[in-house]
Amino acid sequence: MHDILIIGAGPAGMTAAIYARRAGKTVLVLEAGSFGGQIINTPEIENYPAAAHISGYDFATRLYDQAVELGAEFVFEKAVGVTDSGSEKTVVTTKNSYTARAVIIATGSENRKLGLPEEDKLVGRGISYCATCDGAFYRGKTAAVVGGGNTALEDALYLSDLAEKVYLIHRRESFRGEAATLAKLREKPNVTFILGSNVTKLNAGKKLNSIEVTDSSGAVTELAVDGLFVAVGRTPENQNFAAVMELDAAGYAVAGEDCKTASAGIFVAGDNRTKAVRQLVTAAADGAVAATAAVHYLEAVSQ
Ligand code: NAP
């Protein structure tokens, strides 16, 4: 039995692992995919204090190396449930089950889809949710990005250096993403902004050929594109853990800045928690807070 089991090896989970190990606790991190979480897809991080101009991949790798060096164990299995028997918590994965005295759920979020017919079928054939993963396929071609948050702005900026033409399509006139990134994007001559519009249809044969965009007046425009990068936000990955923590209407785990859930010894850290600001720096902060709270919990129950 480990002292602290952490579900999710994104910035929140791996920061929690670092803090828990430095407090002398045994730590197991479970991860369904590869370490790094969402940040691994960010081409360049520019807003993490004192770490400007580092790629998301390098940042995640450094974080992983740091946690491993401190003695955190990593197992790459998908956690599908947690049961709480008070002093012992059991985490079930698709392959095994593991016990721990405290659990930190740091599962982050997954890509939201547009929900258009054919969207799923066209993934890898014109539809992508990751510009840094798939952008190179669109070198010299025409790509579109849909969304108005930081991911969409960063994706469009990244693609503008590869693709011949980039459309940035957003349903409103103003953006959620950072003004600094938007300013850089506005300087790119090969980026066309299509605002107040939604992508309403995907036209494809074997692969995506064009998209239809509908503006607020109902006018439909067909755009020939080779690829569409969907960056319309994320949904929290908490569904498997609803038995041990309360979820709000949008599916986020209800917990304050102390990262405590209503279940003693179960904590939540990162983008899957109810919070106002979801950034790398706040994910890392949650990891530190949750691990410290878990350490205090373990010390209190062992007295
Ligand atoms: P986000 O900030 O939630 O933005 C999602 C965007 O998609 C919004 O502009 C939203 O429009 C639009 N949208 C949502 N559903 C839509 C739909 N069905 N059809 C069309 N448009 C839709 O998501 P994100 O950009 O993925 O970012 C997630 C979090 O990660 C944010 O907190 C972001 O700041 C953070 N992030 C940070 C960095 C960084 O710090 N470098 C990089 C990437 C992401 P409305 O604006 O109209 O709601």
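Owing to the predicted nature of the structure, the values given are computational and were not obtained by experimental measurement.

1. So, the site of the ligand
Here is step 1 of the chain: Near the ligand, the surroundings consist of 20 residues, among which Asn-47, Arg-172, Arg-176, Arg-278 and Gln-279 are the closest.
Here is step 2 of the chain: Between the ligand and the protein, one listed contact pairs an oxygen atom with a side-chain N or O atom of Asn-150 at 2.8 Å.
Here is step 3 of the chain: Within the side chain of Gln-279, one N or O atom sits 2.7 Å away from an oxygen atom of the ligand.
Here is step 4 of the chain: Taking 910 Å² as the accessible area of the ligand by itself, protein coverage stands at 82%.
Here is step 5 of the chain: Residue contributions to the shell around the ligand peak at 3 residues, all from helix H4 (residues 150–160).
Here is step 6 of the chain: Its residues assigned to classes, the shell around the ligand shows 3 nonpolar, 11 polar and 6 charged.
Here is step 7 of the chain: Two domains each put at least three residues into the shell around the ligand: domain 1 (2–110 + 234–302) and domain 2 (127–230).

2. Some points on the side chain of Lys-25
Here is step 1 of the chain: Along the chain, Lys-25 falls in the loop between helix H1 (11–22) and strand E2 (27–30).
Here is step 2 of the chain: Beyond its immediate sequence surroundings of up to four residues, Lys-25 is in contact with Asp-3, Ile-4, Ala-20, Val-295, Leu-298 and Glu-299.

What counts as what
Residues numbered from 1 in each chain as written. Predicted model: local features only at pLDDT ≥ 70, side-chain atom pairs only at ≥ 80, totals over all residues. Heavy atoms only, no water. Near = heavy atom within 4 Å. Polar contact = N/O pair within 3.5 Å; in protein donor to acceptor, adjacent residues only side chain to side chain. Areas by Shrake-Rupley, 256 points an atom, 1.4 Å probe, with all protein chains shown as cover. Helix = DSSP H or I, 4+ residues; strand = E, 2+ residues; numbered from the N terminus. Nonpolar A, V, L, I, M, F, W, Y, C, P; charged D, E, K, R; others polar. Domains from an automatic or database assignment. Contact = heavy atoms within 4.5 Å.

These values are about where atoms sit, not about what they do.
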